[in-house]
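As a plain string of letters, each chain reads:
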Amino acid sequence: HYLGKEMVQNLIIFRFANTFLEPLLNSNYVKSIRITFKEDFGTKGRGGYFDNYGVIRDVMQNHLMQVLTLFAMEPPITVSGDDSSKHIRDAKVNVLKCISSLKADDVVIGQYTANDKGDEGYLDDPTIPSDSITPTFTQAILNINSPRWSGVPFIMKAGKGLEERKSEIRIQFKDSPASNFMFQYNDDNIIPRNELVLRLQPNEAIYMKVNLKQPGLFSNMSQTELDLTYKTRYKDIYSPDAYPRLILDCLKGNQSAFVRTDELEEAWRIFDPLLKELEDKKVKPILYKFGTRGPTEADEVSKNVGYVRNDDYE
């Protein structure tokens, strides 16, 4: 159902109908891309089901890979008309064919534990075996071996029991040339990078993080955002949930939001070796407290592949 969400369905028009944007989305300007799925709750009575699959099968191999392909694909021949579904799905499959299969070294896996606020840990669920090593958190680094995206890490992150509920695509651009020489920002004089963020849920929004002069007598720089929040801009327009959209697509014969067999096979080709290695080697997840960002090791890996988090941004 994830392909039926408003912001996911907006990806094609947003990417290919805006002249300024498409020339920027490539390895010349983009430093990294994060696709994030966070839940601020645990298994909520689904422990017996979830423990058989884990967060990789539950969210990443399907929902997040579908988002990745829509965002990263090359322009389809057309997105309207009788053959549009075929053209869109062909473009998505071509992205998957450019991604190598994942290995355990490409991921950080974790499992949430109880915190001091009374939130239970994963193993406290009576429907879950006490020795379970099923990950409730996974961060994977994927590389798309295409002329557009070569060298740009796609950081895919999904987890339960985290600090907030959020699903988003975050495009971080490269450092502005010579900006640390031209401007005085802080003691380290590291100018914040521009980011384009598409928040899929909750409170759908598209915003661009830009650097501007603070109002006042001095030329102090601050980071702010150019913001399109859907509930503000489109408050009087009905926006249905994902399932009614998909049912309507079925009635209209529009298959573009449904996964084709070859797309499913390619997605499993990427994740199957990873799942087999984790299960064969019985790799234990890193423990993290309920309500945190997940294992700190994941943030370190993100930093190592080029993502810079701006902790000063409010």
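What comes next concerns the included structure.

Scoring rules and cut-offs
- Residues numbered from 1 in each chain as written.
- Predicted model: local features only at pLDDT ≥ 70, side-chain atom pairs only at ≥ 80, totals over all residues.
- Heavy atoms only, no water.
- Helix = DSSP H or I, 4+ residues; strand = E, 2+ residues; numbered from the N terminus.
- Polar contact = N/O pair within 3.5 Å; in protein donor to acceptor, adjacent residues only side chain to side chain.
- Contact = heavy atoms within 4.5 Å.
- Pairing = 2+ DSSP bridges.
- Axes fitted to C-alpha atoms, helices over the stretch in contact; angles between N-to-C directions.
- Phe/Tyr/Trp six-rings, centres within 6.5 Å; stacked < 30°, edge-to-face > 60°.
- Buried < 20%, exposed > 50% of the residue type's maximum accessible area, 1.4 Å probe, protein only.
- Lys NZ or Arg CZ within 6 Å of the ring centre and 35° of its normal.
- Core = buried A, V, L, I, M, F, W, Y, C linked by side-chain atoms within 4.5 Å.
- Salt bridge = Lys/Arg side-chain N within 4 Å of Asp/Glu carboxyl O.
- Parallel < 35°, antiparallel > 145°, perpendicular 65-115°, else oblique.
- Nonpolar A, V, L, I, M, F, W, Y, C, P; charged D, E, K, R; others polar.

Description of the side chain of Gln172
Working step 1: The residue Gln172 is located in strand β5 (residues 166-173) in this model.
Working step 2: Side-chain polar atoms of Gln172 contact the side chain of Arg193, separated by 2.9 Å.
Working step 3: Of note is the side chain of Gln172, whose polar atom sits 2.7 Å from the backbone oxygen of Val308.
Working step 4: If we ignore the near neighbours within four places in the chain, the residues touching Gln172 are Val30, Lys31, Ser32, Arg193, Asn194, Glu195, Gly306, Tyr307 and Val308.

Regarding unusual backbone geometry
Working step 1: The residue after Gln201, namely Pro202, is reached through a cis peptide bond having omega -20°.
Working step 2: A positive phi is found at Lys282, a non-glycine position, where the angle reads about 50°.
Working step 3: Structurally, Lys282 is set in the loop between α9 (261-280) and β9 (286-289).

Some points on the sheet that holds strand β3 (residues 137-143)
Working step 1: Spatial strand order, β8-β7-β6-β5-β1-β4-β3-β2-β9: nine strands in an open sheet with mixed pairing. A single partner strand is all that each edge strand has here, and the edge strands are β8 (221-229) and β9. Here the average twist between neighbouring strands, direction ignored, is 20°.
Working step 2: Inspection of the sheet shows β3 paired to strand β4 (residues 153-159) by seven bridges, in the antiparallel sense. Its bridge partner lying in β4, Ala140 is registered against Met156.
Working step 3: Lying on the sheet, helix α10 (residues 296-304) is in contact with β1 (30-38), β2 (107-113), β3, β4 and β9; it crosses β3 at an angle near 15°.

What to know about the packing of aromatic side chains
Working step 1: For the structure on display, the rule yields eight aromatic pairs.
Working step 2: Ring geometry for Tyr112 against Phe290: centres 5.5 Å apart, planes inclined by 80°, an arrangement best described as edge-to-face. Placement of Tyr112 in strand β2 and of Phe290 in the loop between β9 and α10 is noted, with a sequence separation of 178 residues between them.
Working step 3: Judged by its relative accessible area of 3%, Tyr112 falls in the buried class.
Working step 4: Between the aromatic rings of Phe137 and Tyr288, the centroid separation amounts to 5.8 Å while the plane-to-plane angle is 65°, which identifies the pairing as edge-to-face. Residue Phe137 is found in strand β3, and its partner Tyr288 is found in strand β9; the two are separated by 151 residues along the sequence.
Working step 5: On the accessibility criterion, Phe137 (0% relative accessible area) is buried.
Working step 6: For Tyr288, a relative accessible area of 4% puts it in the buried group.
Working step 7: Joined through ring pairs, the aromatic side chains of Phe50, Tyr112, Tyr122, Phe137, Tyr288 and Phe290 make up one cluster.
Working step 8: A cation over an aromatic ring shows up here: Arg34 above the ring of Tyr307, its NZ or CZ 4.5 Å from the ring centre.

Considering the environment of Pro153
Working step 1: Here Pro153 lies in strand β4.
Working step 2: With a relative accessible area of 6%, Pro153 lands in the buried category.
Working step 3: Taking the C-alpha atoms as reference, Pro153 lies 9.7 Å from Ala140; in sequence the two are 13 residues apart.

Observations regarding the nonpolar core
Nonpolar side chains in soluble globular proteins generally cluster together in the buried interior.
Working step 1: Ranked by size, the top nonpolar core spans 61 residues in total, and within it Ile33, Trp149, Phe154 and Ile171 carry the most contacts.
Working step 2: For this core, the element with the most residues is helix α4 (residues 54-72), which contributes eleven residues.
Working step 3: Among residues more than four places away in sequence, those in contact with Phe154 are Ile33, Ile35, Leu68, Phe71, Ala72, Ala140, Ile141, Leu142, Ile144 and Trp149.

Comments concerning the pattern of salt bridges
Working step 1: What the rule picks out here adds up to 21 salt bridges.
Working step 2: For Arg15, the salt bridge goes to Glu22, with nearest N and O atoms at 3.3 Å.
Working step 3: A single salt-bridge network, built from bridges that share partners, covers Lys38, Glu163, Glu164, Lys166, Glu168, Arg170, Glu195, Lys209, Arg293 and Asp299.

Details of the side chain of Glu168
Working step 1: Examined against the element boundaries, Glu168 turns out to sit in strand β5.
Working step 2: In this structure the side chain of Glu168 is engaged in a polar contact, spanning 2.8 Å, whose partner is the side chain of Arg170.
Working step 3: Once residues lying within four places of it in the same chain are set aside, the contact partners of Glu168 are Arg34, Ile35, Thr36, Val197, Leu198, Arg199, Leu200 and Tyr207.

Let's talk about the environment of Met60
Working step 1: Inspection of the secondary structure puts Met60 in helix α4.
Working step 2: Ignoring sequence-local partners within four residues, the contact set of Met60 consists of Val55, Met65, Thr138, Ala140, Met156, Ala158 and Phe271.

As for the packing of α4 against helix α5 (residues 84-97)
Working step 1: As a packed pair, α4 and α5 sit with axes 9 Å apart at the nearest point and diverge in direction by 105°. In terms of orientation, α4 lies roughly perpendicular with respect to α5. Packed against α4, whose contacting residues are Met65, Gln66, Leu68, Thr69, Leu70 and Ala72, the element α5 presents Ile88, Lys92, Val95 and Leu96 at the interface.
Working step 2: Residue composition of the contact of α4 with α5, by class: seven nonpolar, two polar and one charged.

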